[in-house]
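An overview of the molecular structure
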Amino acid sequence: MRLPRCRMGWLPLLAALAAGCDGVTDARPPEVTAAEVAEAGPLARTLEVELARADSLVVDYWSGEGPRLRVRSPRAASHTLLLARLRAGRTYTWRIRGTDREGSFATAPLPAELAQLRLAATGTPTTPLVMLAVFRPDGFRGQVAVDAAGEVVWYWRGQGVAYGMARRANGDFVFLDQLRGLVEVTPAGAVVRELAQDGGRGEMHHDVIATPDNTLLVIAFDRRPAGGAPLLGDAVWEWSPEAGTMARRWTSWDHFSPERDRGPRHGQGGEWLHANALALGPRGNLLVSVHYWNQVLSVAPGWGPVEWRLGGVNATIPVPAGEEFTGQHTAREVAPGRVVMFDNRHEQRGTSRAVELDIAGPAARRVWEWRPARPNFAAVVSSARRLPGGNTLVGFGTSAGLAGASGPIEVYEVTPEGATAWHLAVDGPQVMFRAEPLATLAGEEEVPRS
């Protein structure tokens, strides 16, 4: 037998053999005086543990199928561990490593309206979880986390259309709900802060992102008179949740003119730009995707001037004929001078795509694109996210017939060479606004089943 390589004496080494040295800090294993599981959310539990003396903890939990999960807690006498990424309608066993303390609990079935969401996954993804923002007028509306097998492992019910989401440094989610506004939700499912919609300030819509300063940026309408009638421009607001303050940092009215900067869908819904995505670039610049202009623009770091306009109306970085993107979503500068987006092909119709453009030269140059083997035209919404390992998560978000879309709603993880690593069929909602990759819900990690 090969012994673990641990820098400790023989007595603690013997105590650590079963645990492989995970979480062992003292000569003796943790001495548990009490351990109790309580429901934290629909698919989450808290494990409260009391120890006779301060120590770190490692807890494993699993069901008869699916992954074995592990969560860790730093040195303390009292511990509260969140057991997340649970599947519905299962019985789970939990065990505190290095001890004989264990127990079990059962999860309830999914609510009927969420069970209508039929998911089928094939392949092996590199991202453990995907958060789907889904909406069905007569059914579930909100955020749903799905694992590699296509099982629902977390959800949060909203009120209106589920828009974009952000993740704060503390691990909380921030969801933008069309009717409710910005809602900060813990991984346990508790709402801790909320910024309600306010028509007087400007309705928040489409996207929210987190900043390195622990604030949040959100798109909001900015209504002003133009040509004798009110017109909805767009602004970017900054919310400081802890301070409870909100400030406007950028507005289209300071940089553009409705007479000069007009796209092919100008005036639809009383809107001028229809901004639909935000992203921070590698230099601290702010990218704004402008749907009605078929354009992505960059605001200089420090809320400076507009430094470039990619494609579309009055472009400073033109896109060659035949390569134009239209009605795009989720544009991000994934590396200096490289922009990845979901190109809906709103004007071209046909098949939507994920595309990467090199914008370092005087004109944009396509360096990568991907379209599914089965054509899928997503007339609106949808997403493309570059993953840390180089793959891209591509979500087609419109059901057949919606705004002329071909459907179906589906998510692909594709390699740089264009191979499909994972596919998720999503049947049930009318709209899937985005598919966002997640490494974890609450710090849990997947470990080999013993």
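The following refers to the structure shown. (Residues numbered from 1 in each chain as written. Predicted model: local features only at pLDDT ≥ 70, side-chain atom pairs only at ≥ 80, totals over all residues. Heavy atoms only, no water.)

Our next topic: the packing of aromatic side chains. The final tally for this structure, using the stated rule, is 15 aromatic pairs. Ring-pair connections join several aromatic residues into one group, and the members of that group are Trp-250, Trp-253, Phe-256, Trp-272 and Trp-293. The lysine or arginine in question, Arg-68, covers the ring of Trp-62, its NZ or CZ lying 3.9 Å from the ring centre. (Phe/Tyr/Trp six-rings, centres within 6.5 Å; stacked < 30°, edge-to-face > 60°. Lys NZ or Arg CZ within 6 Å of the ring centre and 35° of its normal.)

Okay, the layout of surface pockets next. Space inside the largest pocket adds up to approximately 600 Å³. Surrounding the largest pocket, 24 residues form its lining, Arg-167, Arg-332, Arg-385, Glu-436 and Pro-437 being those nearest its centre. Looking at the lining of the largest pocket, the elements with two or more residues in it are strand E10 (162-167), strand E14 (204-210), strand E18 (275-280), strand E22 (329-335), strand E26 (383-386) and strand E30 (431-438). Classifying every residue of the lining of the largest pocket gives 13 nonpolar, 3 polar and 8 charged. Taken together, 21 residues form the lining of the second largest pocket, with Tyr-163, His-206, His-274, Val-380 and Val-381 sitting closest to its centre. When the residues that make up the lining of the second largest pocket are grouped by side-chain class, the tally is 10 nonpolar, 8 polar and 3 charged. (1 Å grid on protein atoms, 1.4 Å probe; cavity = no way out; pocket = protein on both sides within 12 Å on 5 of 7 lines; lining within 4 Å. Points joined across faces, edges and corners; volume = space filled by probe spheres on them. Helix = DSSP H or I, 4+ residues; strand = E, 2+ residues; numbered from the N terminus. Nonpolar A, V, L, I, M, F, W, Y, C, P; charged D, E, K, R; others polar.)

Strand order in this open sheet of 4 strands is E9-E8-E7-E30, and the pairing throughout is antiparallel. Each edge of the open sheet is held by one strand with a lone partner, namely strand E9 (152-157) and E30. Between one strand axis and the next, the sheet turns through 20 degrees on average, direction left out of account. Here strand E8 (residues 141-147) pairs with E9 via 5 bridges, running antiparallel. Across the sheet, the residue bridging to Ala-145 is Trp-154, located in E9. (Pairing = 2+ DSSP bridges. Axes fitted to C-alpha atoms, helices over the stretch in contact; angles between N-to-C directions.)

Another point: the pattern of salt bridges. Using the criterion set out here, one finds 41 salt bridges in the structure. Of the charged contacts in the structure, one is a salt bridge between Arg-248 and Asp-222, with a shortest N-O distance of 3.6 Å. Taken as a pair, Arg-248 in strand E17 (residues 245-251) and Asp-222 in strand E15 (residues 216-226) lie far apart in primary sequence, 26 residues in all. Arg-248 sits in the partly exposed class, given a relative accessible area of 42%. What makes Asp-222 buried here is its relative accessible area of 9%. Arg-386 is the salt-bridge partner of Glu-356, the closest N and O atoms lying 3.2 Å from each other. In this pair, Glu-356 is assigned in strand E24 (residues 353-358) and Arg-386 in strand E26, connecting sequence segments 30 residues apart. Since its relative accessible area comes to 7%, Glu-356 is described here as buried. Put simply, Glu-323, Asp-343, Arg-345, Arg-353, Arg-366, Glu-369 and Arg-371 are held in one network by salt bridges that share partners. (Salt bridge = Lys/Arg side-chain N within 4 Å of Asp/Glu carboxyl O. Buried < 20%, exposed > 50% of the residue type's maximum accessible area, 1.4 Å probe, protein only.)

Leu-132 and Val-144 are the most contacted members of the largest nonpolar core, which has 37 residues in total. The set of elements that each furnish at least two residues to this core consists of strand E2 (44-62), strand E3 (68-83), strand E4 (91-96), strand E7 (129-135), E8, E9, strand E29 (420-427) and E30. Considering every element that reaches this core, the biggest residue donor is E2, with 6 residues. Ignoring anything within four residues of it in the chain, the contact list for Val-144 reads Leu-114, Leu-117, Val-130, Met-131, Leu-132, Val-134, Val-152, Trp-154 and Tyr-155. In this structure, Leu-182, Leu-216, Val-218 and Trp-237 belong to the second largest nonpolar core, which totals 21 residues. (Core = buried A, V, L, I, M, F, W, Y, C linked by side-chain atoms within 4.5 Å. Contact = heavy atoms within 4.5 Å.)

So, on to unusual backbone geometry. Along the chain, Gly-407 connects to Pro-408 via a cis peptide bond; the corresponding omega equals 0 degrees. Take Pro-408: it is sitting in the loop between strand E27 (392-396) and strand E28 (410-414). Its identity as a non-glycine residue notwithstanding, Arg-85 has a phi of 65 degrees, on the positive side. When you line up the elements, Arg-85 lands in the loop between E3 and E4. Looking at Arg-85, the relative accessible area reads 6%, which means it is buried. One non-glycine residue, Ala-403, lies in positive phi territory at about 55 degrees. With relative accessibility at 48%, the residue Ala-403 sits in the partly exposed group.

Looking along a regular strand, one sees the side chains alternate between the two faces of the sheet. With 5 of its 6 residues buried, E9 lies for the most part within the structure. Between E8 and E9, which follow one another and run antiparallel, lie 4 residues, and Gly-150 among them has a positive phi close to 80 degrees.

This part is about the environment of Leu-81. Along the chain, the position of Leu-81 falls in strand E3. When its relative accessible area of 2% is taken as the criterion, Leu-81 is described as buried. C-alpha separation for the pair Leu-81 and Leu-57, spaced 24 residues apart in sequence, amounts to 9.2 Å. Here Leu-81 is in contact with Arg-45, Thr-46, Leu-47, Val-49, Leu-57, Val-59, Val-71, Arg-72 and Ser-73, once residues within four sequence places are set aside.

Take empty space enclosed by the protein next. Counting across every chain of the model gives 4 cavities of 30 Å³ or more. Across the lining of the second largest cavity, the residue classes break down as 5 nonpolar, 2 polar and 2 charged.

Attention now moves to the environment of Ala-52. Structurally, Ala-52 can be placed in strand E2. Setting aside residues no more than four positions away along its own chain, Ala-52 makes contact with Glu-31 and Thr-33.

Right, let's get into the side chain of Ser-382. Turning to its location among the elements, Ser-382 is positioned in the loop between strand E25 (365-370) and E26. Among the residues examined, Ser-382 registers a relative accessible area of 1% and is labelled buried. Of note is the side chain of Ser-382, whose polar atom sits 2.9 Å from the backbone nitrogen of Gly-397. Once residues lying within four places of it in the same chain are set aside, the contact partners of Ser-382 are His-329, Thr-330, Phe-342, Asn-344, Gly-395, Phe-396, Gly-397, Met-432, Phe-433 and Arg-434. (Polar contact = N/O pair within 3.5 Å; in protein donor to acceptor, adjacent residues only side chain to side chain.)

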